[in-house]
Amino acid sequence: MGRTGFPSNVIGFAIGVPLILAIGMLEALRPMGLSLPALTGGLLTLDTMIRVGLFTIILVGLNLLMGYAGQVSLGQAAFYGMGAFFSAILTVRARTLSIPPALAETWWWPWVVMGMGALLVGMAAYGIGRPILRLRGHYLAMATLGLGIVVYILLRENMGLPHLNLTGGFDGIQGIPRLRLGGFLLWPAWRYYFLVWLFAFGAIALGLRVVHSRVGRALRAIHGSEIAAESVGVEVPHYKAMIFGLSAAMAALAGSLYAHFQTTVIPATFGFGPSLELVVMSAVGGMTSIWGAPFGALTILLVQEALRTQLHRVLPNAQGEFEAIAFGLILVLIMMFLPDGLTVGGLRWLQSRPRLHIRFARRSFKPG
Amino acid sequence: MKAMLPISPDGTGGPSRQPLLEVIRVSKAFGGLMALVDVSLRIWPGQIKGLIGPNGAGKTTLFNLITGILHPTSGDIRFQGRSIIGLPPYRIAALGIARTFQNVQLFPGMTVLEHVLVGGHRHSRSGLLGAILRSPRTRHEEEETRARAWAVLKRVGLAEWADRPAESLPLGLQRILEIARALATDPQLMLLDEPGAGLNLMEKAHLAELIRSLNAEGMTVLLVEHDMSLVMGLADEIAVLDYGQLIAEGPPEVIRQDPRVITAYLGEEDEVWDAARG
Ligand SMILES: Nc1ncnc2c1ncn2[C@@H]1O[C@H](COP(=O)(O)OP(=O)(O)OP(=O)(O)O)[C@@H](O)[C@H]1O
Ligand SMILES: [Mg+2]
């Protein structure tokens, strides 16, 4: 797997990196009035591409957790939210927390907070993961769902400390500062886009390295047979919690990046719906593939965008519910015809066409 | 092939010998069902011990107790003189007990080589950080693990299947692969749960040869098997379970004649034992 996986990953980066760079340059320079929306008929915007990058970071973690280790999480948006609010609170509410302005107003403070947030959320998830991940299947799904709801309510209810007003309740936190590198402001959006995609490709590289390692092997073994993995000495509880922690840390990092992008965070962005959306993105892209992450995110964001802007043309009286129904239908179709997701399913379809009889085992873990 | 070491449960084989594994008055209840009642067993280093008994006698349950998947209701299990009760399975594996499964437990989607690499898991250390940074130490370790895995594959005759998905192997080879995976942990004691089930005669001969040669190299084996000729030919001592109780123990020639054993198996024919697998 390590050997067969290598070239396809090189191809992935060789196509992906220039493509992302080209989009960024296009938006930075806008040569001759050309722009991303103009070239894609309004379907793609820089804003969408930044979101794809953010979700890619989360989805790589989620794919490691669900696709490789076989552990469901229906509460992943909670970690995303924890990262976002951690950054928001420690930058905007620095005074409330008696953080000296000399510190809180340096350009590097938000970066330190971002790193701390990812680390703390990852460690917390490891701690929670040890007991929770003993559960399997539906029980684990319920537990992670519960975890997500608890975090959401804590954010919404000011973590039970209304007098401090740390999370801002329903309305969340506004005025989160933009990121800087020394004196260099990472804004307008195209600059931020490059930053986000730097992290996104970093996440993909990290995911691939984990997959093609002793750790990745242990995770896939746990997925296949926990008992057999444990019987050859794989410390199953530790490994499950570790990958849960890693996926949470990645979600938290994406959350921090989101906070500094949006400059506003509200709890509703991190509730149960978004958690479910992440699982859908993961499934659509292909859980058992790291490269599925950007495709899953892009597909779902595009479908949502298209439904929101185009549905009324087909159904003039369509309301919000129709969007949800159409969205659901599209998902059902994708799952019926490409049950392994777009990347794995698509690759298999390509390979099955020109009499290339490469047999894939069902539920095979194609690297990359 | 019989008894490369004289078996002496009272320790006369050597003054300082201690059993490799000692099962001491172990009972296991599943709700009201007593799957094992007061079972005591000793396995001596270098031995091939057979464990037989009709379906539902409690053989697999005993394996699950020894490997920490289940915990006994009462009694003690000692490995190299040390109690292993309450240890999680991965700790017990780390002590040097490996096993195969009656219902083959493979890792779907993983190749034959990868199964054996997972078997070598406990001989390397590198974790998440090593994987992400791909440090020289991690790479070196990985090379070593691969070399060891290849050696194991060659040892059991699976080298040419290395890159095949494990589930594409015929059952006979899947069972050999389970042995290879267990072997890669470098155990001192191997628990084989019906390794011959579902195999044809040729595959069984190959299996017997493998077990015998492993034993000749010093591996201690506890073998559960329904194929009487297979187990009688391999084991130097046989224990018989019936309804969770140890009803007989001794050399194969003696067990074959034992009236209690014959009664326990009464009405069961070889084909029935072979066909009936939990
Ligand atoms: N996890 C469990 N929960 C409840 N009952 C169990 C469990 N495992 C085994 N049993 C019961 O314990 C008894 C012993 O089962 P076990 O699998 O140990 O028998 P066995 O000797 O391995 O039989 P076979 O030759 O069919 O494999 C059976 O009655 C079985 O139904
Ligand atoms: Mg059994």
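Quick caveat, the model's predicted, so the values are computed rather than measured. The numbering scheme is per chain: residues are counted from 1 as the chain's sequence reads. Here chains are named by letter from A upward and ligands by number from 1 upward, in the order in which they appear as written. The predicted origin of the model limits local features to residues at a pLDDT of at least 70 and limits the giving and counting of side-chain atom pairs to 80 or more, whereas totals for whole chains, interfaces and linings rest on all residues. By convention in this description, side-chain values take in all heavy atoms of the structure and omit both hydrogens and water.

Chemist: When you look at the overall build of chain A in this model, what are you seeing that I'm missing?
Modeler: Under the DSSP-based scheme used, a helix requires at least four consecutive residues in state H or I and a strand at least two consecutive residues in state E, with every element numbered from the N terminus. Helix and strand counts for chain A come out as 15 helices and four strands. Summarising its shape, the C-alpha atoms of chain A cover approximately 65 × 60 × 45 Å along the three principal directions. Look at the contacts in chain A between residues 6 or more apart in sequence, and 77% of them connect residues 24 or more apart. Counting only carbon and sulfur atoms, one obtains 70% of the accessible surface of chain A, whose full area is about 16200 Å². A residue counts as positive if it is Lys or Arg and as negative if it is Asp or Glu; His and the chain ends are not included. Working definition for charges: the position is that of NZ of Lys, CZ of Arg, CG of Asp or CD of Glu. Both charge centroids of chain A, one from 26 positive and one from 13 negative side chains, sit 11 Å from each other. The contact rule is simple, with two residues in contact once any of their heavy atoms fall within 4.5 Å. Here the Shrake-Rupley method, with its probe set to 1.4 Å, supplies the accessible areas, and only the displayed protein chains count as covering residues.

Chemist: Teacher, can you tell me more about helix H3 (residues 46-68) of chain A here?
Modeler: The periodicity of an α-helix, 3.6 residues per turn, causes residues three or four places apart in sequence to face the same way. Residues and elements named next belong to chain A. Expected span, for any helix, means 1.5 Å times one less than how many residues it has. With 23 residues, H3 extends 31 Å from end C-alpha to end C-alpha; this agrees with the ideal 33 Å at 1.5 Å per step. A simple rule labels every residue: compare its accessible area, found with a 1.4 Å probe on the protein chains alone, to the largest value its type can have, and call it buried under 20%, exposed over 50%, or partly exposed in between. The buried fraction of H3 amounts to 21 of the 23 residues, a majority that puts the element mostly inside the structure. Gly70, located one to two residues past H3, shows a positive phi value of around 75°.

Chemist: I would appreciate a short explanation of the site of ligand 1 in the present structure.
Modeler: All names here are of chain B. Close to ligand 1 lie 14 residues, the nearest being Asn55, Lys59, Thr60, Thr61 and Gln102. Polar contacts here mean pairs of N or O atoms no more than 3.5 Å apart (in protein, one a potential hydrogen donor and the other a potential acceptor; neighbouring residues in sequence count only if both atoms are side-chain atoms). For ligand 1, an oxygen atom lies 2.5 Å from a polar atom in the side chain of Thr61. In this structure, Gln102 approaches ligand 1 through a side-chain N or O atom, which is 2.7 Å from an oxygen atom. In terms of residues, the shell around ligand 1 owes the most to one element, helix H1 (residues 59-66), which gives three residues. In this classification, the charged set is Asp, Glu, Lys and Arg, the nonpolar set is Ala, Val, Leu, Ile, Met, Phe, Trp, Tyr, Cys and Pro, and all remaining amino acids, among them Gly, are polar. A class-by-class count of the residues in the shell around ligand 1 yields four nonpolar, eight polar and two charged. Nearness here has a simple test: a residue counts as near a molecule or strand if at least one of its heavy atoms is within 4 Å of that partner.

Chemist: Even after reading the chapter, I still don't get the interface of chain A and chain B, so can you show me in this structure?
Modeler: How big an interface is tends to be expressed through the accessible area that disappears when the partners come together. Listed per partner, the contact involves 33 residues of chain A and 36 residues of chain B. The term buried area refers to how much accessible surface (probe radius 1.4 Å) is lost by two components on association, counted for both of them together. Counting the surface chain A buries against chain B, the share from its top three residues, Arg214, Arg217 and Val232 of chain A, is 25%. A carboxyl oxygen of Asp or Glu within 4 Å of a side-chain nitrogen of Lys or Arg is what we treat as a salt bridge. There are two salt bridges connecting chain A and chain B. Glu142 of chain B is paired through a salt bridge with Arg217 of chain A; the nearest N and O atoms lie 2.6 Å apart.

Chemist: Quick question: what am I supposed to make of the coordination of the magnesium ion (ligand 2) here?
Modeler: As a benchmark, a tetrahedral metal site with four donors has ideal angles of 109.5 degrees, while an octahedral site with six donors has ideal angles of 90 or 180 degrees. Residues and elements named next belong to chain B. Distances from the magnesium ion (ligand 2) to its protein donors, namely Thr60 (OG1) and Gln102 (OE1), fall within the range 1.9 to 2.1 Å. Here Gln102 lies in the loop between strand E6 (97-99) and helix H3 (112-119) and Thr60 lies in helix H1, a separation of 42 residues in the sequence. Of the residues examined, Thr60 reaches a relative accessible area of 25% and is grouped as partly exposed. Accessibility expressed as a relative area gives 12% for Gln102, which makes it buried. Keep in mind that water is not among the atoms, so a site may look incomplete; donors are the N, O and S atoms within 2.8 Å of the metal, or 3.2 Å for Na, K and Ca.

Chemist: I'm lost on the domain arrangement of chain B in this one. Help?
Modeler: All names here are of chain B. The split into domains, and so the bounds of each, comes from an automatic or database assignment of domains. Domain boundaries in chain B define domain 1 (1-96 + 187-278) and domain 2 (108-172). Taken together, the contact pairs twelve residues of domain 1 with five residues of domain 2. Scanning the region where domain 1 abuts domain 2 turns up three residue pairs in polar contact (both at pLDDT 80 or more). When residues of the side of domain 1 that touches domain 2 are traced back to their parent elements, those giving at least two are helix H2 (89-95) and helix H7 (201-216). The element best represented in the side of domain 1 that touches domain 2 is H7, accounting for five residues. Split into classes, the residues belonging to the side of domain 1 that touches domain 2 amount to six nonpolar, four polar and two charged.

Chemist: Explain the sheet that holds strand E1 (residues 21-30) of chain B here, please?
Modeler: In any sheet, the strands associate via hydrogen bonds between backbone groups, in a parallel or an antiparallel arrangement. All names here are of chain B. In short, DSSP must find at least two bridges between two strands for them to pair. The antiparallel open sheet is built from four strands, whose spatial order is E2-E1-E4-E5. Each edge of the sheet is formed by a strand with only one pairing partner; in this case those strands are strand E2 (33-43) and strand E5 (82-83). Looking at chain direction, E1 and strand E4 (residues 74-79) are connected through five bridges and run antiparallel. The residue of E4 that forms the bridge with Glu22 is Arg78. An axis is simply a line fitted to the C-alpha atoms; with a helix, the fit covers only the stretch in contact. Between two such axes, the angle follows the N-to-C directions and lies from 0 to 180 degrees. With respect to the sheet, H1 is in contact with E1, E2 and E4, its orientation differing from that of E1 by roughly 115°.

Chemist: For this particular structure, what's the right way to read the packing of helix H4 (residues 76-92) of chain A against helix H7 (residues 137-156) of chain A?
Modeler: In a packed pair of helices, the relevant descriptors are the angle between the two axes and the axis-to-axis distance. Residues and elements named next belong to chain A. It is at 9 Å that the axes of H4 and H7 come closest, and there the two elements cross at 25°. For the element pair H4 / H7, the angle class is roughly parallel. The handedness of the crossing between H4 and H7 is left-handed. Of H7, the residues touching H4 (which contributes Ala78, Phe79, Gly81, Met82 and Phe85) are Leu147, Gly148, Val151 and Leu155. Here the angle decides the label: under 35 degrees means roughly parallel, over 145 means roughly antiparallel, 65 to 115 means roughly perpendicular, and every other value means oblique. Working rule for handedness: look at the near helix, and if it is turned counterclockwise from the far one by less than a right angle, call the crossing left-handed; if clockwise, right-handed.

Chemist: Would you mind showing me how to read the confidence of the model for chain A here?
Modeler: Keep in mind that low pLDDT regions are not for reading the predicted coordinates in detail. Residue and element names in this part refer to chain A. With 93% of its residues at a pLDDT of 70 or more, chain A has an overall mean of 90. Overall, residues 1-5 carries pLDDT values under 50, and its contacts beyond four positions in sequence, including any with other chains, amount to 13 contacts. For the stretch residues 355-368, pLDDT sits under 50, and the model shows 36 contacts to residues farther than four places along the chain or on other chains. What pLDDT conveys is the predictor's confidence in a given residue, as a value from 0 to 100.

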